[in-house]
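# Results of the structural survey
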Amino acid sequence: MAKDLLNFHIPIAATSSEYRTFPTKIHASSKPQNHEPRIRRHDSRKRTTFDRRRELRSVGNSILSIRRLLSNVNTGCLETALQMFEQMNKSSTFVWNVMIRGLVDSGLFQEAMEFYYRMRFEGIEPDNFTFPFVIKACAGVLGLKEGQSVHSTVIKLGLDVDIYICNALIVMYAKVSCVEDSEKIFEWMPVRDLVSWNSMVSGYVSAGDGWSSLMCFKKMQKVGVGLDRISCISSLGACALECCLLEGKEIFCQVLRNGLELDPMIQSSVIDMFGKCGKVDYAERFCVGIAQKNVVVWNSMIGAYALNDKPLESFSCMEMMQGAKDNVTPDTVTLINLLPLCSNLRALLKGKAIHGYAIRKGYLSHLVLETALIDTYGKCGSVMLAERVFSHMKRRNLVSLNAMIAAYVQNSKDREAIETFRDLQLESYAPDQMTFATTLAAYAEIALPKEGKQIHGLIYKLGISLGTYVPNALIHMYSKCGDLQAAREVFDRLVFKDLVTWNTIIMAYAIHGFGAYCFRLFSDMKNDGHEPNGSTFVSLLSACSIAGIVDEGWKYFDSMKRDYGLDPGIEHYGCMVDLLGRAGNLDRAKCFIDEMPSEPTSRIWGSLLAACRHHRNIKLAELVTNHIFSLDSDNTGCYVLLANMYAEAGRWEDAERIRCLMKKQGLKTTSSCSILENNGKTYKFKNNDKSLADSYIVFDVLDILSRKTGADLYFSSVSKLKPAELLKRRANSPIFHSVRLAICFGLINTTVGEPVLIRKNIRVCEDCHRAAKKISLITNREVVVGDSKQYHHFKDGRCSCGDYW
DNA sequence: GTAGGGTTAG
């Protein structure tokens, strides 16, 4: 392998430290008044062929060997070229240039840089030919520091007026996100040509600034530079970036006027532009007219369908490309385009098929493809396969790590997500907005406000540019961690709030049971000029369902379609089943599920099951569990709920039967656990947990409170227990449930007047709920308990959930 | 017999 031969490493610092500072010469000197180039360079083009031949002969390389070297480089036989190079006399700049060019052309940018440093180390002076290659290599490795160092050398050698070098610098600075430096170079260039203008147009696109690119494109035509195929490709990219159809159409007309429509790169750029501007039909019409389509053109069309929510067309497009007429083989980009469709369709098998195809074709390992696979597996619920791809990756970057964190979060592996986030920091990756937004979602599920605040501090410290993406995740995280006040502060400080921000804050108040306040926020949102979407109504209906505001719930449900043309989705139906269940209208809830336009999920049935339990309707519960098991046979919660219902009704044989069934299937109940924080430390309690050093105090307080709240609570609610069973269960009594231990610990360790905040991994049981209400009354303290769905604010003997959850 | 700008993707 060519790379093995490139084992000559010189540390960058040893060779380029003298060029580390950014060159200021071009900015400090006065702007040239005319466009006459300052002649300061040794222009090799002025040398005659004879001179060059004589020079090359004089350094001991025969013309034949140089021709062979060039031919190897030109045909991509880098390995042979490298072997030849090592045996040649290396004192001429020419042979180094040829080698560096070869490496750059093969995408071996780091190796090209190392070759340049080696050249300098051996005392060979680079010339005007060397720098365009080297600068391109700097852009390739996105090395701003290296680029600046090379730029210094260019100035020192008086080559900063060379138009080729300047053009390369423009592109390099834009690619490393310093487009202002590109602008300065462009502005100060003594002479600009079409390539200089094109470099600026494409430079702005690389920097993500499509509008500046289009303005530059217009200006270049105004000053009479004209345009060529590359101007069109770059400006079409700008239109695609900004979804600017009008400009895109104009450029398309220019393409036709200039007869450029047969150029495959133009073709793919046009399709891509139309696709990104939401005009997949235009893209399709243009694509159909292309007689011979290459793989990039096909990929652009597949991508356009995918982007415009036409997954089936994307797949059939892939089949067409492989058809007898075109017979084009899908490449890595084709697969990368198709994988998100599998994610959206939750089509795990299709994703696996693409993975298999990639392996058969030898496309792996490929960083982007592997990242897309992690994403697909994560979204399709197979975190194990995502992990497998991740662990086999030869190379990773921030995006692949973000994808793995997201896969964990999507599959409720929040601890693993946080662990991966920590690894990412240890490996010195600089987390970005995506990293934080995803990791915050993991914290939202399992953390307490203190940990959340720490990650918030880190975001602040790193100066992550915010937008709304991270603040929205922060609002969600704080509300889920129980600190609604902190969520509100983030919301209030956010100057530009988008629809997601509003939906998130409404949901924040919803899960804390402040239903009525959510309706006010909804009205504020509309006054702020936002049209609600499906998620807004999930927030609103959740608010109604959690706070038990039945009438408003129906009002919003009806308003969705009538006022906003939004079809209720499965989540909206879920909220309505909750509401009907709460009202005790179980038959109506069942009919409502039966009449749903889409197939009910196990979650929908789960809502009805919770209602059945609340209203002690075992008959319906049995029917509902059958539905749940047919969809989700290892739904532990469902087994437990049914078993408890049987137990409460004194139907011990049935309860035992359900427990046996669980055992048979190897299902284990999730053990309850409650957490709270005190003095910056998180304390974790399990049921009947005596592991804490001063747990005897906790148990003493619990004893006092149990007496005051009526220790017979538990026994009264399960009074149909047999005496033997009663004794057996004494040890597992709800009196010692984790949440009660945590409440006692909180009461002991927090200041009077401060609420006691607890998070719990599973739903609060009826006994603990009843006890918490009494404790709040007796101690005159607010107790806040968050479970997997909502928060219960216990105050003055009442709960914000209205005793339905 | 060496240079600069360019398409699709996570």
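Residues numbered from 1 in each chain as written. Chains lettered and ligands numbered in written order. Predicted model: local features only at pLDDT ≥ 70, side-chain atom pairs only at ≥ 80, totals over all residues. Heavy atoms only, no water.

Once that is clear, we can look at the UniProt feature "domain: DYW" (unreviewed entry) in chain A. Feature annotation in UniProt places "domain: DYW" (unreviewed entry) on residues 736–805, given in this structure's numbering. Annotation note: span residues 736–805, helix share 37%, strand share 23%, distance between end C-alpha atoms 21 Å. (UniProt positions renumbered as here; feature names shortened; annotations may be inferred. Helix = DSSP H or I, 4+ residues; strand = E, 2+ residues; numbered from the N terminus.)

In the UniProt entry, the feature "repeat: PPR" (unreviewed entry) is given for residues 92–126, 193–227, 397–431, 498–532 and 635–669. For residues 193–227, helix accounts for 74% and strand for 0%, while the C-alpha atoms at its two ends are 11 Å apart.

The subject of this paragraph is the packing of aromatic side chains. Under the criterion given, the structure shown has 26 aromatic pairs. Ring geometry for Phe 557 versus Tyr 573: centroids 5.5 Å apart, planes at 75°, classification edge-to-face. Taken together, the positions of Phe 557 in helix H34 (residues 550–564) and Tyr 573 in helix H35 (residues 570–582) put the pair 16 residues apart, joining distant regions of the chain. Each member of the pair Phe 557 and Tyr 573 is classed as buried. By the ring-pair criterion, three or more aromatic residues cluster together here, those being Phe 519, Phe 522, Phe 537, Tyr 556 and Tyr 564. The lysine or arginine in question, Arg 118, covers the ring of Phe 115, its NZ or CZ lying 5.5 Å from the ring centre. (Phe/Tyr/Trp six-rings, centres within 6.5 Å; stacked < 30°, edge-to-face > 60°. Buried < 20%, exposed > 50% of the residue type's maximum accessible area, 1.4 Å probe, protein only. Lys NZ or Arg CZ within 6 Å of the ring centre and 35° of its normal.)

Residues Glu 416, Glu 419, Asp 423 and Glu 427 make up a contiguous surface patch of negative charge. Relative to the elements of secondary structure, Glu 419 occurs in helix H26 (residues 414–426). (Patch = residues over 30% accessible without salt bridge, like charges linked within 9 Å, V, L, I, M, F, W, Y side chains within 5 Å. Areas by Shrake-Rupley, 256 points an atom, 1.4 Å probe, with all protein chains shown as cover. Salt bridge = Lys/Arg side-chain N within 4 Å of Asp/Glu carboxyl O. Lys, Arg positive; Asp, Glu negative; His and termini not counted. Charge placed at Lys NZ, Arg CZ, Asp CG, Glu CD.)

What follows concerns the packing of helix H17 (residues 264–276) against helix H18 (residues 280–288). Where H17 contacts H18, the two axes come as close as 7 Å, and the packing angle between them is 160°. As summarised for this structure, H17 and H18 are arranged roughly antiparallel, according to the angle between their axes. Crossing angle aside, the handedness with which H17 passes H18 is left-handed. Here Gln 267, Val 270, Ile 271, Phe 274 and Gly 275 of H17 lie close against H18, whose contacting residues are Val 280, Tyr 282, Ala 283, Phe 286 and Cys 287. Within the contact of H17 with H18, the residues separate by chemical class into eight nonpolar, two polar and no charged. (Axes fitted to C-alpha atoms, helices over the stretch in contact; angles between N-to-C directions. Parallel < 35°, antiparallel > 145°, perpendicular 65-115°, else oblique. Left-handed = near helix turned anticlockwise from the far one by under 90°. Contact = heavy atoms within 4.5 Å. Nonpolar A, V, L, I, M, F, W, Y, C, P; charged D, E, K, R; others polar.)

Counting buried positions over the five residues of strand E5 (residues 791–795) gives four, a clear majority of the element. Two successive antiparallel strands, strand E4 (residues 783–786) and E5, enclose a turn made up of four residues. Both E5 and strand E6 (residues 798–799) contribute to a ladder of two bridges, which runs antiparallel. Across the sheet, the residue bridging to Lys 795 is Arg 798, located in E6. Between the end of E5 and the start of E6, which pair antiparallel, lie two residues, with Asp 796 showing a positive phi angle near 50°. (Pairing = 2+ DSSP bridges.)

What follows covers the pairing of strand E1 (residues 673–678). In terms of burial, E1 is a largely internal element, five of the six residues being buried. In this sheet, strand E2 (residues 681–686) lies alongside E1 in antiparallel orientation, the contact comprising six bridges. Each bridged residue has a counterpart across the sheet, and for Leu 676 the counterpart in E2 is Tyr 683. Remark: two residues form the turn of the hairpin made by E1 and E2, two consecutive strands paired antiparallel; Asn 679 in that turn has positive phi of roughly 50°. In terms of strand pairing, E1 meets strand E3 (residues 756–760) through two bridges, oriented antiparallel. Residue pairing in the sheet places Ile 675 in a bridge with Arg 759 of E3.

Right, let's talk about unusual backbone geometry for a bit. Residues Leu 364 and Ser 365 are joined by a peptide bond in cis, for which omega reads 10°. With respect to the secondary-structure elements, Ser 365 resides in the loop between helix H22 (348–360) and helix H23 (367–379). Even without being a glycine, Ser 177 presents a positive backbone phi close to 65°. With respect to the helices and strands, the residue Ser 177 is situated in the loop between helix H11 (163–175) and helix H12 (179–188). A residue is classified by how much of its surface remains accessible, and Ser 177, at 60% relative accessible area, is exposed.

Looking now at the nonpolar core. Leu 69, Met 99, Met 301, Ile 374, Ile 505 and Leu 608 are the most contacted members of the largest nonpolar core, which totals 203 residues. In contact with Met 301, other than residues within four places in its own chain, are Ile 271, Val 280, Ala 283, Glu 284, Cys 287 and Cys 317. With 29 residues, the next largest nonpolar core counts Tyr 683, Leu 747, Phe 794 and Trp 805 among its residues. (Core = buried A, V, L, I, M, F, W, Y, C linked by side-chain atoms within 4.5 Å.)

Moving on: the pattern of salt bridges. Scanning the model with the defined rule gives 26 salt bridges in all. For the salt bridge of Arg 101 with Asp 105, the shortest nitrogen-to-oxygen distance reads 3.6 Å. Taken together, the positions of Arg 101 and Asp 105, both in helix H7 (residues 93–105) and four residues apart, correspond to about one turn of that helix. By relative accessible area, which is 22% here, Arg 101 ends up partly exposed.

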